[in-house]
Structures are given as structure tokens and as C-alpha cells.
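# Per-entry structural report
Residue strings, one per chain:
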Amino acid sequence: MNILLLNPNTRADVTDLMLHVARGAAAVGTQIAGRTAPRGVPYISTRAEAQIAGAIALETLAEAHRGVDAAIIAAFGDPALFAARELFDMPVVGMAEAAMLAACMAGRRFSIVTFAPPLAPWYEECVRMHGLWGRCAGVRTLDGGFREIGDVQHEKEQVLVDLALRAIETDQADALIFAGAPLSGLAGRVESRIPVPVIDQVVAAVKMAEAMVALRLRKASAGAFRRPAAKPTTGLADALAARLEHRDG
């Protein structure tokens, strides 16, 4: 099984972090390759950045989807997830959706803890997009800044744990997600200090991707995720234009 982990942000070190977590969780025989966005922002924290990253994610998927059994959009807000499911034949898993669905199976309500206040509105909208707001106890974020995005989980580890404990006590969360690509791997390191199940977003995405491949679901020919009819394009990246115009076989 070949899975593509696509980071729609530009930080290759964060891609490497997620790959380390993903490969540690993968089943025997699952190969995971990583791709980092060639342009954009180091981490997505606004709706505008998510739209930009989503378009770049579609370009990258168009270039890399051949020979791939499943793909993971490895940004917690799931930019372009539904568009990718529309355009491509293989299963495409969103890191946020995978983590939230796993959390729903682990508890009645889940809380999301993340590292930057601007992420909260976007993450709330992501929860609503997936129809899971009724299962969400809330989104909590760090109040202050941090020195370096690639090291935020170590720099702010205890503060993030304290936020998780507050979400459990005050918001009555039964499961907890540390959200945002730079927090990948944190769950496994701190789960013994948190009294409810803690979901690692990358692990959930990998296991969901493996499960979707194992289910052997065929591409929809009707409904919301059927492939759109061919349409001429102007000025798009070659691989994406070929996919939209049905020139890619």
C-alpha cells in the first residue's frame, strides 16, 4: 500500500515530523511518501491562507497521484479535501476529519487544543463543515506567542497539557485532539498525563487511509464526489489542467 502524505504548508521539517509519526503508525507493508507545498506559507492560520494552500494541494495531488493508493491532506483544517475527493480516484483523507471521527469513537464529545489563536475560527468552521459541531466541546488555543513553529510542541508542552486538562474539566471533553501539523507526535508523548483518550492527528489519518484502501471502495460516478465533466482551462499548472480537461488518462 502506497500512501502520499501531502503537507500544504512550506515547512519541510514539519513534513519530516509528520512522516516520522506516520511511518511509526503504519502497518507492515504500508509505504508513506511525503510532499511539501512548493510555495505558500509556513503554516496556515487564516481562511485566505487555507484557500491558497488548498489550490496548491490540488496541483500537487495532480502531479503525484499516479501509483498512490490513498492520500492524506496533512493540515488540520483539511484545505481542499472535498475538491480532492471530487477530482481524484483514490481515497483522500483529511487529517482533521480523521482525528475527529476517531475522537467520536473514543468519547461522547471531543476538544481541540492548538497553538495559535487565529486558528480557532477556522478550526471551528472545519468541525461544522464535517457535521461534527454537536460532538465538539470546544477549541482552546495558546494565548501567547512562540519562538519557532517547528519547536512549538516542545516549547509549549506543559501549557498545551494544561489547556487539555482545562478542556476536560471545564468543557467536559471525553477525548482530546492536539491540532495542527507542528503538534504531530505530541499526543503519544503526553497521553499519560491526560485522563481521557488523546488522538494523534497523523496516526488517525494513516489508519483511516489504510482502512479506506482495504475497503476497496470504487470512485463515485454519481453524487457529490463524482468526477466533474471535462472543461477547458487557462493558465493552470499542467498536471492539474490535464486532470480537469480529462487529458490524463
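Residues numbered from 1 in each chain as written. Predicted model: local features only at pLDDT ≥ 70, side-chain atom pairs only at ≥ 80, totals over all residues. Heavy atoms only, no water.

### Notes on the overall build of the protein
Within the protein one finds 10 helices and 8 strands. For a compact globule of 249 residues, the expected C-alpha radius of gyration is about 18 Å, and the protein comes in at 18 Å, within 12% of that figure. Once the C-alpha set of the protein is aligned to its principal axes, its extents read approximately 55 × 35 × 35 Å. When burial is assessed residue by residue, the protein has 51% of its 249 residues classed as buried. Pairs at least 24 apart in sequence give 67% of the contacts found in the protein among residues at least 6 apart. For the protein, the computed accessible surface area is about 11,100 Å², with 53% contributed by carbon and sulfur atoms. Here the protein contributes 26 positively and 27 negatively charged side chains, and the mean placements of these two sets differ by 5 Å. (Helix = DSSP H or I, 4+ residues; strand = E, 2+ residues; numbered from the N terminus. Rg over C-alpha atoms; globule rule 2.2 N^0.38 Å. Buried < 20%, exposed > 50% of the residue type's maximum accessible area, 1.4 Å probe, protein only. Contact = heavy atoms within 4.5 Å. Areas by Shrake-Rupley, 256 points an atom, 1.4 Å probe, with all protein chains shown as cover. Lys, Arg positive; Asp, Glu negative; His and termini not counted. Charge placed at Lys NZ, Arg CZ, Asp CG, Glu CD.)

### Let's talk about the pairing of strand β2 (residues 31-36)
Relative to β2, strand β1 (residues 2-7) runs parallel, the two sharing 6 bridges. Note that in β2 the partner of Ile3 across the bridge is Ile32. Taken together, β1, helix α1 (residues 12-25) and β2 constitute a β-α-β crossover, and its handedness is right-handed. (Pairing = 2+ DSSP bridges. Right-handed = clockwise from strand over helix to strand, strands pointing away.)

### Here's the deal with the pairing of strand β3 (residues 70-73)
Side chains Ala70 and Ile72 project from β3 onto one buried face, and the interleaved Ala71 and Ile73 project onto a second face that is buried too. Sheet topology places β1 next to β3; 4 bridges connect them, and they run parallel. Its bridge partner lying in β3, Leu6 is registered against Ile73. Bridge analysis of β3 against strand β4 (residues 92-94) gives 3 bridges, and the strand direction is parallel. When the bridges of β4 are listed, Ile72 appears paired with Val93. For the crossover from β3 across helix α3 (residues 81-87) to β4, the handedness is right-handed.

### Some points on the nonpolar core
Met100, Phe110, Ile112, Ile177, Phe178 and Ile194 are the most contacted members of the largest nonpolar core, which has 68 residues in total. Looking at which element gives the most residues to this core, the answer is helix α4 (residues 95-106), with 8 residues. Not counting the four nearest positions on each side in its chain, Met100 is found in contact with Phe110, Ile112, Cys126, Val127, His130, Leu132 and Ile177. The next biggest cluster of nonpolar side chains, apart from the first, holds 17 residues, and it includes Leu58, Ala62, Met90 and Val92. (Core = buried A, V, L, I, M, F, W, Y, C linked by side-chain atoms within 4.5 Å.)

### Regarding the packing of aromatic side chains
Scanning all chains against the criterion turns up 6 aromatic pairs. Ring plane angle 40° and centroid distance 5.6 Å describe the contact between Trp122 and Tyr123, whose orientation is recorded as tilted. Trp122 sits in the buried class, given a relative accessible area of 9%. Taken together through their ring pairs, the aromatic side chains of Tyr43, Phe115 and Phe146 make up a single cluster. The ring of Trp133 has Arg128 lying over it, and the distance from NZ or CZ to the ring centre is 4.2 Å. (Phe/Tyr/Trp six-rings, centres within 6.5 Å; stacked < 30°, edge-to-face > 60°. Lys NZ or Arg CZ within 6 Å of the ring centre and 35° of its normal.)

### Section: helix α7 (residues 157-170)
Across its 14 residues, α7 extends 20 Å between first and last C-alpha, which sits within 8% of the 20 Å expected from 1.5 Å per residue. Every buried residue of α7 is listed here: Glu157, Leu160, Val161, Leu163, Ala164, Ala167 and Ile168. Angularly, the buried residues of α7 cover 155° about the axis, an arc narrow enough to put them on a single face. Away from the buried face of α7 by more than 90 degrees, exposed residues Glu169 and Thr170 are located. (Expected span 1.5 Å × (residues − 1). Arc of directions from axis to C-beta.)

### Details of the sheet that holds β1
Pairing is parallel across the open sheet formed by 4 strands, whose spatial order is β2-β1-β3-β4. Both outer strands of the open sheet, β2 and β4, are each paired with one neighbouring strand and no more. Averaged over all pairs of adjacent strands, the angle between their axes in this sheet comes to 25°, without regard to strand direction. Most of the contacts of α4 go to β4, to which it runs at about 70°, and overall it touches β3 and β4. Contacts from helix α9 (residues 201-215) reach β1, β2, β3 and β4, with the element oriented near 155° to β3. (Axes fitted to C-alpha atoms, helices over the stretch in contact; angles between N-to-C directions.)

### Some details on a nonpolar patch on the surface
On the surface, Phe82, Met129 and Phe225 cluster together into a nonpolar patch covering about 240 Å² of accessible area. As for its position among the elements, Phe82 is in helix α3. (Patch = residues over 30% accessible without salt bridge, like charges linked within 9 Å, V, L, I, M, F, W, Y side chains within 5 Å. Salt bridge = Lys/Arg side-chain N within 4 Å of Asp/Glu carboxyl O.)

### Details of the environment of Thr114
Within the fold, Thr114 resides in strand β5 (residues 110-114). Given the relative accessible area of 0%, Thr114 is considered buried. With 57 residues separating them along the chain, Thr114 and Ala57 place their C-alpha atoms 22 Å apart. The contacts of Thr114, once residues within four sequence positions are left out, are Leu119, Tyr123, Arg140, Thr141, Leu142, Leu160, Leu163, Ala179 and Leu183. In terms of polar contacts, Thr114 uses its side chain to reach the backbone carbonyl oxygen of Ala179, at 2.8 Å. (Polar contact = N/O pair within 3.5 Å; in protein donor to acceptor, adjacent residues only side chain to side chain.)

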